[in-house]
Amino acid sequence: MPKTPKPPSLKAMSIFEHLEELRACLLRSGLAWLAAAAGSYAFSAKILETLLQPLARLMPRDAHLIYTAPAEGFYAHFAASIAAATFVSLPFIIHQLWRFIAPGLYQRERRLFLGLLLFSGACFIGGGLFGHFVVLPLILRFLLGFSSELVRPLLSVRESLALSLQILIIFGFVFELPIFMLTAMRLGLVSR
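Structure report, in brief.

Parameters at a glance
Residues numbered from 1 in each chain as written. Predicted model: local features only at pLDDT ≥ 70, side-chain atom pairs only at ≥ 80, totals over all residues. Heavy atoms only, no water. Salt bridge = Lys/Arg side-chain N within 4 Å of Asp/Glu carboxyl O. Helix = DSSP H or I, 4+ residues; strand = E, 2+ residues; numbered from the N terminus. Buried < 20%, exposed > 50% of the residue type's maximum accessible area, 1.4 Å probe, protein only. Axes fitted to C-alpha atoms, helices over the stretch in contact; angles between N-to-C directions. Parallel < 35°, antiparallel > 145°, perpendicular 65-115°, else oblique. Contact = heavy atoms within 4.5 Å. Nonpolar A, V, L, I, M, F, W, Y, C, P; charged D, E, K, R; others polar. Left-handed = near helix turned anticlockwise from the far one by under 90°.

## A few points about the pattern of salt bridges
And step 1. On inspection of all chains with the given rule, the structure shows three salt bridges.
And step 2. Taking the shortest distance from any N to any O, the salt bridge between R23 and E20 comes out at 3.0 Å. Within this pair, R23 and its partner E20 are both found in helix α1 (residues 15-42), separated by three residues, close to a single helical turn.
And step 3. R23 sits in the partly exposed class, given a relative accessible area of 48%.
And step 4. Residues E149 and R152 are paired through a salt bridge, measuring 3.1 Å at the closest nitrogen-oxygen approach.
And step 5. When its relative accessible area of 57% is taken as the criterion, R152 is described as exposed.

## Some remarks on the packing of helix α4 (residues 72-101) against helix α5 (residues 107-144)
And step 1. Where α4 contacts α5, the two axes come as close as 13 Å, and the packing angle between them is 170 degrees. Viewed along their axes, α4 and α5 adopt a mutual orientation that is roughly antiparallel. Residue-level contacts link F87, I94 and W98 of α4 to R110, F113, L114, L117 and I125 of α5.
And step 2. Considering only residue class, the contact of α4 with α5 consists of seven nonpolar, no polar and one charged.

## With respect to the packing of α1 against α4
How two helices pack is summed up by the angle between their axes together with the distance between the axes.
And step 1. The geometry of α1 relative to α4 is characterised by a closest axis approach of 7 Å and an angle of 145 degrees between their N-to-C directions. Taken as a pair, α1 and α4 cross one another with a handedness that is right-handed.
And step 2. Among the residues forming the contact of α1 with α4, the class breakdown is 17 nonpolar, eight polar and three charged.

This is the structure in C-alpha coordinates:
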(Lines give C-alpha, C1' and ligand atoms only; values in the text may rest on other atoms or scores of the structure.)
Protein backbone atom coordinates (compact mmCIF):
# COMPACT_ATOMS: atom_id res chain seq x y z
CA MET A 1 0.00 0.00 0.00
CA PRO A 2 1.55 3.35 -0.99
CA LYS A 3 2.13 5.83 1.78
CA THR A 4 0.02 8.96 1.68
CA PRO A 5 1.98 12.19 1.58
CA LYS A 6 2.27 14.29 4.70
CA PRO A 7 0.00 17.34 4.88
CA PRO A 8 1.55 20.42 3.26
CA SER A 9 0.84 22.47 6.40
CA LEU A 10 3.82 20.87 8.15
CA LYS A 11 6.98 22.87 7.67
CA ALA A 12 10.40 21.33 7.51
CA MET A 13 12.40 21.82 10.69
CA SER A 14 16.12 21.78 11.25
CA ILE A 15 17.73 19.36 13.69
CA PHE A 16 18.16 22.19 16.20
CA GLU A 17 14.46 23.08 15.98
CA HIS A 18 13.60 19.43 16.62
CA LEU A 19 15.95 19.35 19.60
CA GLU A 20 14.44 22.56 20.95
CA GLU A 21 10.95 21.09 20.60
CA LEU A 22 12.09 17.90 22.35
CA ARG A 23 13.65 19.94 25.15
CA ALA A 24 10.38 21.84 25.64
CA CYS A 25 8.44 18.57 25.67
CA LEU A 26 10.77 17.05 28.27
CA LEU A 27 10.70 20.21 30.38
CA ARG A 28 6.88 20.30 30.44
CA SER A 29 6.82 16.59 31.30
CA GLY A 30 9.33 17.06 34.12
CA LEU A 31 7.40 19.99 35.57
CA ALA A 32 4.15 18.00 35.43
CA TRP A 33 5.84 15.11 37.24
CA LEU A 34 7.24 17.44 39.93
CA ALA A 35 3.81 19.01 40.45
CA ALA A 36 2.24 15.56 40.72
CA ALA A 37 4.95 14.49 43.20
CA ALA A 38 4.32 17.53 45.40
CA GLY A 39 0.58 16.93 45.28
CA SER A 40 0.95 13.21 45.92
CA TYR A 41 3.07 13.78 49.01
CA ALA A 42 0.09 15.49 50.65
CA PHE A 43 -1.78 12.16 50.30
CA SER A 44 1.21 9.89 50.90
CA ALA A 45 -0.24 8.30 54.04
CA LYS A 46 -3.38 7.19 52.20
CA ILE A 47 -1.34 6.03 49.17
CA LEU A 48 0.99 4.04 51.43
CA GLU A 49 -1.99 2.49 53.21
CA THR A 50 -3.49 1.44 49.86
CA LEU A 51 -0.23 -0.08 48.64
CA LEU A 52 0.23 -2.03 51.88
CA GLN A 53 -3.42 -3.06 52.23
CA PRO A 54 -2.94 -6.67 50.97
CA LEU A 55 -0.31 -7.22 53.67
CA ALA A 56 -2.37 -5.49 56.37
CA ARG A 57 -5.25 -7.90 55.70
CA LEU A 58 -3.02 -10.93 56.34
CA MET A 59 -1.27 -9.64 59.46
CA PRO A 60 -2.56 -10.53 62.93
CA ARG A 61 -4.49 -7.77 64.68
CA ASP A 62 -1.70 -6.98 67.13
CA ALA A 63 1.06 -6.95 64.46
CA HIS A 64 2.49 -3.74 63.00
CA LEU A 65 4.93 -2.80 60.29
CA ILE A 66 8.20 -1.47 61.63
CA TYR A 67 11.06 0.62 60.40
CA THR A 68 14.59 0.23 61.66
CA ALA A 69 16.34 3.28 60.27
CA PRO A 70 15.46 6.85 61.28
CA ALA A 71 14.65 7.93 57.71
CA GLU A 72 12.80 4.76 56.69
CA GLY A 73 9.37 6.13 57.63
CA PHE A 74 9.98 9.21 55.49
CA TYR A 75 11.33 7.02 52.70
CA ALA A 76 8.12 4.95 52.68
CA HIS A 77 5.94 8.06 52.31
CA PHE A 78 8.32 9.54 49.74
CA ALA A 79 8.44 6.33 47.65
CA ALA A 80 4.65 6.02 47.73
CA SER A 81 4.23 9.61 46.56
CA ILE A 82 6.83 9.16 43.79
CA ALA A 83 5.03 6.04 42.54
CA ALA A 84 1.69 7.86 42.59
CA ALA A 85 3.17 10.91 40.85
CA THR A 86 4.53 8.74 38.07
CA PHE A 87 1.17 7.05 37.65
CA VAL A 88 -0.78 10.34 37.71
CA SER A 89 1.53 12.30 35.40
CA LEU A 90 2.07 9.51 32.87
CA PRO A 91 -0.92 10.42 30.66
CA PHE A 92 0.38 14.00 30.34
CA ILE A 93 3.93 12.81 29.64
CA ILE A 94 2.66 10.40 26.98
CA HIS A 95 0.61 13.23 25.47
CA GLN A 96 3.71 15.43 25.28
CA LEU A 97 5.69 12.67 23.57
CA TRP A 98 2.78 12.10 21.21
CA ARG A 99 2.76 15.79 20.29
CA PHE A 100 6.47 15.48 19.46
CA ILE A 101 6.22 12.24 17.46
CA ALA A 102 2.84 12.59 15.69
CA PRO A 103 3.80 15.26 13.11
CA GLY A 104 6.43 12.91 11.68
CA LEU A 105 3.96 10.06 11.13
CA TYR A 106 1.63 9.33 8.25
CA GLN A 107 -2.11 9.30 8.98
CA ARG A 108 -2.29 5.48 8.98
CA GLU A 109 0.74 5.28 11.29
CA ARG A 110 -0.85 7.80 13.66
CA ARG A 111 -4.04 5.77 13.96
CA LEU A 112 -2.11 2.54 14.49
CA PHE A 113 0.30 4.07 17.00
CA LEU A 114 -2.46 5.83 18.96
CA GLY A 115 -4.51 2.64 19.20
CA LEU A 116 -1.44 0.73 20.30
CA LEU A 117 -0.66 3.39 22.90
CA LEU A 118 -4.17 3.30 24.39
CA PHE A 119 -4.30 -0.51 24.40
CA SER A 120 -0.83 -0.66 25.95
CA GLY A 121 -1.84 1.70 28.75
CA ALA A 122 -4.98 -0.30 29.49
CA CYS A 123 -2.97 -3.54 29.57
CA PHE A 124 -0.37 -2.07 31.95
CA ILE A 125 -3.02 -0.73 34.35
CA GLY A 126 -4.94 -4.01 34.21
CA GLY A 127 -1.77 -5.99 34.90
CA GLY A 128 -0.80 -3.75 37.80
CA LEU A 129 -4.26 -4.09 39.36
CA PHE A 130 -4.21 -7.87 38.85
CA GLY A 131 -0.78 -8.10 40.45
CA HIS A 132 -1.76 -5.92 43.41
CA PHE A 133 -5.19 -7.38 44.20
CA VAL A 134 -4.80 -11.02 43.12
CA VAL A 135 -1.14 -12.08 42.99
CA LEU A 136 0.31 -10.05 45.89
CA PRO A 137 -2.07 -11.52 48.50
CA LEU A 138 -1.20 -15.04 47.28
CA ILE A 139 2.54 -14.33 47.48
CA LEU A 140 2.22 -12.77 50.92
CA ARG A 141 0.08 -15.64 52.21
CA PHE A 142 2.76 -18.09 51.01
CA LEU A 143 5.66 -16.11 52.47
CA LEU A 144 3.97 -15.51 55.81
CA GLY A 145 3.14 -19.22 55.99
CA PHE A 146 6.70 -19.92 57.12
CA SER A 147 6.10 -18.34 60.52
CA SER A 148 5.74 -20.51 63.60
CA GLU A 149 5.84 -20.20 67.38
CA LEU A 150 9.61 -20.02 67.18
CA VAL A 151 9.92 -17.89 64.03
CA ARG A 152 7.69 -14.82 63.84
CA PRO A 153 7.74 -12.22 61.07
CA LEU A 154 8.86 -8.72 61.95
CA LEU A 155 7.83 -6.90 58.79
CA SER A 156 9.63 -3.79 57.59
CA VAL A 157 7.62 -1.06 55.89
CA ARG A 158 10.44 -0.48 53.39
CA GLU A 159 10.66 -4.12 52.27
CA SER A 160 6.89 -4.52 52.19
CA LEU A 161 6.43 -1.40 50.08
CA ALA A 162 9.23 -2.48 47.74
CA LEU A 163 7.59 -5.88 47.23
CA SER A 164 4.21 -4.27 46.58
CA LEU A 165 5.62 -1.86 43.98
CA GLN A 166 7.70 -4.59 42.33
CA ILE A 167 4.67 -6.85 41.90
CA LEU A 168 2.62 -3.95 40.54
CA ILE A 169 5.27 -3.03 37.95
CA ILE A 170 6.19 -6.60 37.00
CA PHE A 171 2.61 -7.61 36.31
CA GLY A 172 2.01 -4.35 34.45
CA PHE A 173 4.83 -5.32 32.09
CA VAL A 174 3.74 -8.98 31.93
CA PHE A 175 0.35 -7.84 30.63
CA GLU A 176 2.23 -5.94 27.88
CA LEU A 177 3.52 -9.24 26.50
CA PRO A 178 0.66 -9.68 23.98
CA ILE A 179 1.49 -6.28 22.50
CA PHE A 180 5.20 -7.15 22.22
CA MET A 181 4.35 -10.48 20.60
CA LEU A 182 1.90 -8.88 18.16
CA THR A 183 4.51 -6.28 17.21
CA ALA A 184 7.20 -8.94 16.79
CA MET A 185 4.82 -10.97 14.64
CA ARG A 186 4.02 -7.92 12.46
CA LEU A 187 7.76 -7.29 12.02
CA GLY A 188 8.31 -10.92 11.06
CA LEU A 189 10.52 -11.71 14.05
CA VAL A 190 8.23 -14.53 15.25
CA SER A 191 5.59 -16.66 13.55
CA ARG A 192 2.09 -17.43 14.74
